[in-house]
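Letter by letter, the chains look like this.
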Amino acid sequence: MTTTGPARTSSLMDDLLGLLRIRIRRGVNLAVRDINSSDPYIVVKMGKQVIQYIIGYLQLRNISLRANINLLFLFFFFVQKLKTRVISKDVNPEWNEDLTLSVTDPSLTVLLTVYDHDMFSKDDKMGDAEFEIKPYIEALRMQLDGLLSGTIVTTVQPSRRNCLAEESKVTWIDGKLVQDLVLRLRHVECGEVEAQLQWIDLPGSKGL
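Because the structure is predicted, anything quoted here is derived from the model rather than measured. (Residues numbered from 1 in each chain as written. Predicted model: local features only at pLDDT ≥ 70, side-chain atom pairs only at ≥ 80, totals over all residues. Heavy atoms only, no water.)

A.B. asks: Tell me about the sheet that holds strand S5 (residues 124-132), residues and numbers included.
C.D. replies: Taken in spatial order, the 3 strands of this open sheet run S2-S4-S5, and their pairing is antiparallel. Unpaired on one side and paired on the other, strand S2 (40-45) and S5 mark the two borders of the sheet. Within this sheet the neighbouring strands show an average axis-to-axis angle of 20°, counted without direction. Bridging between S2 and strand S4 (residues 109-116) involves 6 bridges; their strand directions are antiparallel. (Pairing = 2+ DSSP bridges. Helix = DSSP H or I, 4+ residues; strand = E, 2+ residues; numbered from the N terminus. Axes fitted to C-alpha atoms, helices over the stretch in contact; angles between N-to-C directions.)

Written as structure tokens, this is what we have:
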């Protein structure tokens, strides 16, 4: 016998740990893909994203996707924003833009890919970088109340397993835990991307 509705134990909020806000700060010495410059933007991906869980959640409860299309669009645009704006003719662009990912599995890695926007042809890749969020999640699970702002909680060293260009610090700042990253791009002749991680607790989710 197949059970439906509340009897099903799997749901969006049961799986969701919270949201990871990735602030894409800037690119440094990115590759030239046009005549003298590039028009870069960044795409960020990580495993299964929240839009898939919302669809599954609605289907499990026999709720019409058509009737809830506005909900899907809201999550797509406000939670599932995974692409920065294009900055024209600049190989040292400053985005200072937040991309927000849903997190269901802290062992997944984040893939960041830089592209050159082209008007009349396929956008060219300008390298990519991959990094783990597990050290940051482990730091979030520590009891950190009472720490002085500016305290370094842990550090992550560059290695063959990550794309860090230098030591990455996880720091307690004004009651929040952030991780600063300088990522060296792969599969390209040059370029780095600077970013920062910050956690967002989501009421009703499984949590950390």
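A.B. asks: Describe the layout of surface pockets, with residues and values.
C.D. replies: Size it by volume and the largest pocket reaches roughly 220 Å³. When residues of the lining of the largest pocket are traced back to their parent elements, those giving at least two are helix H4 (134-140), strand S8 (176-184) and strand S9 (192-200). When its residues are assigned to classes, the lining of the largest pocket shows 7 nonpolar, 2 polar and 2 charged. (1 Å grid on protein atoms, 1.4 Å probe; cavity = no way out; pocket = protein on both sides within 12 Å on 5 of 7 lines; lining within 4 Å. Points joined across faces, edges and corners; volume = space filled by probe spheres on them. Nonpolar A, V, L, I, M, F, W, Y, C, P; charged D, E, K, R; others polar.)

A.B. asks: Tell me about the nonpolar core, residues and numbers included.
C.D. replies: Judged by nonpolar contacts, the single largest core of 41 residues is most densely connected at Leu20, Ile22, Ile24, Val44, Val110 and Leu112. Every residue in contact with Leu112, bar those within four places of it in the chain, is listed here: Ile24, Ile42, Val43, Val44, Gly127, Asp128, Ala129, Leu183, Leu185 and Val193. (Core = buried A, V, L, I, M, F, W, Y, C linked by side-chain atoms within 4.5 Å. Buried < 20%, exposed > 50% of the residue type's maximum accessible area, 1.4 Å probe, protein only. Contact = heavy atoms within 4.5 Å.)

A.B. asks: Give me the side chain of Ser38: which residues, what numbers.
C.D. replies: Relative to the elements of secondary structure, Ser38 occurs in the loop between strand S1 (18-28) and S2. For Ser38, a relative accessible area of 0% gives the class buried. Of the polar contacts made by the side chain of Ser38, one reaches the backbone oxygen of Ala31; its length is 2.7 Å. Sequence-distant contacts of Ser38, that is, excluding residues within four places in its chain, are made with Ala31, Val32, Arg33, Ile87, Ser88, Lys89, Asp90, Val91, Asp116 and Met126. (Polar contact = N/O pair within 3.5 Å; in protein donor to acceptor, adjacent residues only side chain to side chain.)

A.B. asks: How would you explain the pattern of salt bridges if you had to name every residue and give the values?
C.D. replies: In total, this model carries 10 salt bridges according to the counting rule given. Put simply, Arg186 and Asp128 hold a salt bridge, and the shortest N to O gap is 2.7 Å. Within this pair, whereas Arg186 is found in the loop between S8 and S9, its partner Asp128 is found in strand S5, the two being separated by 58 residues in sequence. When its relative accessible area of 29% is taken as the criterion, Arg186 is described as partly exposed. The exposure class assigned to Asp128 is buried, which follows from its relative accessible area of 11%. Between Arg184 and Glu192 there is a salt bridge, and its shortest N-O distance comes to 3.9 Å. A relative accessible area of 43% places Arg184 in the partly exposed class. Connected via shared salt-bridge partners are Asp128, Glu130 and Arg186. (Salt bridge = Lys/Arg side-chain N within 4 Å of Asp/Glu carboxyl O.)

A.B. asks: Now, about the environment of Val156: what can you tell me, with residues and values included?
C.D. replies: When you line up the elements, Val156 lands in strand S6 (residues 151-156). On the basis of relative accessibility, which here comes to 16%, the residue Val156 falls in the buried class. As for Val156 and Glu166, which are separated by 10 residues in sequence, their C-alpha atoms are 8.9 Å apart. The residues touching Val156, leaving out its near neighbours within four places in the chain, are Pro135, Asn162, Leu164, Glu166, Glu167, Ser168 and Gln179.

A.B. asks: Just give me the short version of the packing of aromatic side chains, but keep the residues and values in it.
C.D. replies: This model, assessed by the stated rule, comprises 1 aromatic pair. Ring geometry for Tyr41 versus Tyr115: centroids 5.5 Å apart, planes at 15°, classification stacked. In this pair, Tyr41 is assigned in strand S2 and Tyr115 in strand S4, connecting sequence segments 74 residues apart. For the pair shown, Tyr41 and Tyr115 are each scored as buried. (Phe/Tyr/Trp six-rings, centres within 6.5 Å; stacked < 30°, edge-to-face > 60°.)

A.B. asks: Please set out the pairing of S9 residue by residue, giving values where relevant.
C.D. replies: Of all 9 residues in S9, 7 are buried, a share of seventy percent or more. Sheet analysis places S8 next to S9, joined by 7 bridges and oriented antiparallel. Counterpart to Asp180 in the pairing with S9 is Gln196.

A.B. asks: Go over the sheet that holds S8 with me, naming the residues and quoting the values.
C.D. replies: The strand order across the open sheet built from 6 strands is S3-S1-S9-S8-S7-S6, with neighbouring strands paired in antiparallel fashion. Looking at the sheet topology across the chains shown, the edges are occupied by strand S3 (94-103) and S6. Pairs of neighbouring strands in the sheet enclose a mean axial angle of 25°, with direction left out of account.

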